[in-house]
Amino acid sequence: MNKVYKNAEEAIHDISDGSIIMLGGFGLCGIPENCIAALVKKEASQLTCISNNAGVDDFGIGLLLKKKQLKKMIASYVGENSEFERQLLSEELEVELIPKGTLATRCMASGYGMPAIFTPAGVGTEVAEGKEKRIFNGKEYLLEYAFDADFALVKAWKGDTSGNLIYKETARNFNPLMAMAGKITIAEMEELVPPGELNANEIHTQGIYVHRIF
């Protein structure tokens, strides 16, 4: 199976209107900026975006927001994007804010094939509204469902043509979890090498999780 694509445009060719996509990164570190630029150019709309944050006005997910390509944003932090704030207050954008650890663990559950998790995060707050609760050893937990994402878009420092990926320093944030979780995982990278060139002990995401690379 050939996983290598010529560029971002070819790699994201079948992300269509209404798709649910995960976007790796933390702030602007480790974000799949070339995939995002290709989505802006493609003009895919009504997207649901799962990401730690919403980027800034002129870079990252902020570019999708500016073009009004997002229907829903699922994130843990969105405080640096004025366009996001405007769309939220004007009710143009559906928003689900969840604790950062819950976001990460729901990604992990998706990758592990688990339908849901129980977590104490959010108990007694607005996060708990409408959610099933259970008591374990005298402590209350919330039921949180795993994500069901059509695509996961991630950014690696180095990878091989089999799809094995290495992330550099703090870019190793949500990328490994999301790479496991998408039905189709698309990875952009700074350097592409032949199979066998990467040190197996340094690989963060195994190629079995990755479907397309460029």
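Note: the structure precedes this text.
Since the structure is predicted, the reported quantities are computational estimates derived from the model, not experimental observations.

Peer 1: Explain unusual backbone geometry to me, using residue names and the numbers behind them.
Peer 2: Positive phi, normally seen in glycine, also occurs at Glu43, with a value near 65°. Mapped onto the fold, Glu43 is located in the loop between helix H2 (33-42) and strand S2 (47-50). A relative accessible area of 61% places Glu43 in the exposed class. Backbone geometry at Gln46 places phi at a positive 55°, although glycine is not the residue there. Note on placement: Gln46 falls in the loop between H2 and S2. Residue Gln46 is classed as partly exposed on the basis of its relative accessible area of 42%.

Peer 1: So what about the pattern of salt bridges? Which residues, and what values?
Peer 2: Using the criterion set out here, one finds 13 salt bridges in the structure. When the shortest N-O distance is used, the salt bridge between Arg212 and Asp14 registers 2.7 Å. Highlighted residues: Arg212 in strand S11 (residues 212-213) and Asp14 in the loop between helix H1 (8-11) and strand S1 (20-23), separated in sequence by 198 residues. Arg106 is the salt-bridge partner of Glu144, the closest N and O atoms lying 3.6 Å from each other. Here Glu144, found in strand S7 (residues 139-145), pairs with Arg106, found in helix H5 (residues 100-112); they are 38 residues apart in sequence, far enough to count as distant. Using a relative accessible area of 2% as the deciding quantity, one classes Glu144 as buried. Since its relative accessible area comes to 8%, Arg106 is described here as buried. Three or more residues are tied together by salt bridges with common partners; here these are Lys72, Glu94, Glu96, Arg106, Lys131 and Glu144.

Peer 1: Quick one: what's the story with the pairing of strand S6 (residues 133-136), residue by residue and with numbers?
Peer 2: Side chains on a regular strand alternate between the two faces of the sheet. Where S6 and S7 come together, four bridges link them in antiparallel fashion. The partner of Phe136 across the bridge, within S7, is Lys139. If you look at the hairpin formed by S6 and S7, you'll find two residues sitting between the two strands, and Asn137 has a positive phi there, around 50°.

Peer 1: Tell me about the sheet that holds strand S5 (residues 116-119), residues and numbers included.
Peer 2: In space, the three strands of this open sheet follow the order S5-S7-S6, with antiparallel pairing throughout. Strands with a single pairing partner mark the edges of an open sheet, and in this sheet they are S5 and S6. Here the strands of the sheet are splayed against their neighbours by 35° on average, with no regard to which way each runs. Packing against the sheet, H5 makes contact with S5 and S7, and its axis sits at approximately 150° to S5.

Peer 1: Tell me about the nonpolar core, and name the residues and values.
Peer 2: Core analysis: the largest hydrophobic core is formed by 28 residues, its most contacted members being Ile12, Ile15, Leu39, Leu70, Met73, Leu153 and Ile186. Elements with a minimum of two residues in this core: H1, S1, H2, S2, helix H3 (61-66), strand S3 (70-75) and strand S8 (151-160). Per-element accounting of this core gives the leading share, five residues, to H2. Counting 22 residues, the second largest nonpolar core, distinct from the first, contains Phe147, Tyr167, Ala179 and Ile213.

Calculation rules
Residues numbered from 1 in each chain as written. Predicted model: local features only at pLDDT ≥ 70, side-chain atom pairs only at ≥ 80, totals over all residues. Heavy atoms only, no water. Helix = DSSP H or I, 4+ residues; strand = E, 2+ residues; numbered from the N terminus. Buried < 20%, exposed > 50% of the residue type's maximum accessible area, 1.4 Å probe, protein only. Salt bridge = Lys/Arg side-chain N within 4 Å of Asp/Glu carboxyl O. Pairing = 2+ DSSP bridges. Axes fitted to C-alpha atoms, helices over the stretch in contact; angles between N-to-C directions. Contact = heavy atoms within 4.5 Å. Core = buried A, V, L, I, M, F, W, Y, C linked by side-chain atoms within 4.5 Å.

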